[in-house]
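Here are the chains, one letter per residue:
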Amino acid sequence: MTHAGYRSVVIVVSDSDTSIRDYYERDRAGDQFRQLHISYAVQPIPAGRTKPLGTADALLRALESTPAWKGQSFTVCNSDNLYSRTALRLLLEDGHEHALIDYDRAALEFNQKRIEQFAVTKKDPQGFLLDIIEKPAEEEIRGAADRHGRIGVSMNIFKFSYDSILPYLESVPLHPLREKRSFPLQ
């Protein structure tokens, strides 16, 4: 992360799982990240549930734990994907208030069945995001192709403005089927 220009990371953790903290603190893995300030935000599992409320809730918890980020932009990504230094730096240096990296679906080197499950991005002719389609049907995949036939795939790496995204995260409803906090891109 430091090679990509980042100096601070917030890792969202479960209130009942200490494995990540153990890895970075007790197991001395943090020594390899000496120049990186690592902090944690706890995402609780609400009573009566077995899972947390989803990515939007995780991001809300992270921002609530870092009020010093007000007025700034930040990158958010999943911890179970490995992102290149180039992708991280592109978002860090991008001049837009919000941005994302989408990957060319045809260039992915995963099992085809797995690729078919990835969310696709739908953009306007200027390349601005209109929608992210989760678990897309074949016709939605074809409809997401740009004028060159390229289909973008979201691997969940975004740049957001703290001040712009926070109000949405605070008011996002639970998705009726997934029972997770999710919000439309409209």
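Our structure's up above, just so we're on the same page.
*Asks:* Explain the environment of leucine 91 here, please?
*Replies:* Inspection of the secondary structure puts leucine 91 in helix α3 (residues 85-93). Owing to a relative accessible area of 2%, leucine 91 belongs among the buried residues under this scheme. Along the primary structure leucine 91 and valine 76 are separated by 15 residues, whereas in three dimensions their C-alpha atoms are 9.8 Å apart. Apart from residues no more than four positions distant in its own chain, leucine 91 is found in contact with Tyr6, Thr75, Ala99, Leu100, Ile101, Ile157, Phe158 and Lys159.

*Asks:* What should I look at first to understand the nonpolar core in this one?
*Replies:* General note: in soluble globular proteins, nonpolar side chains tend to be found buried as a group. Within the largest apolar cluster, 19 residues are counted, with the highest numbers of intra-cluster contacts made by Leu59, Leu63, Phe74, Phe160 and Leu169. For this core, the elements supplying multiple residues, two or more each, are α2 (55-64), β3 (73-77), β7 (152-161) and α6 (162-171). Per-element tally for this core: the top contributor is α2, with five residues. Excluding residues that lie within four positions of it along the chain, leucine 63 makes contacts with Trp69, Phe74, Tyr162, Ile165, Leu166 and Leu169. By size, the runner-up hydrophobic cluster in this structure holds 14 residues, among which are Ile101, Leu108, Val153 and Met155.

Parameters at a glance
Residues numbered from 1 in each chain as written. Predicted model: local features only at pLDDT ≥ 70, side-chain atom pairs only at ≥ 80, totals over all residues. Heavy atoms only, no water. Helix = DSSP H or I, 4+ residues; strand = E, 2+ residues; numbered from the N terminus. Buried < 20%, exposed > 50% of the residue type's maximum accessible area, 1.4 Å probe, protein only. Contact = heavy atoms within 4.5 Å. Core = buried A, V, L, I, M, F, W, Y, C linked by side-chain atoms within 4.5 Å.

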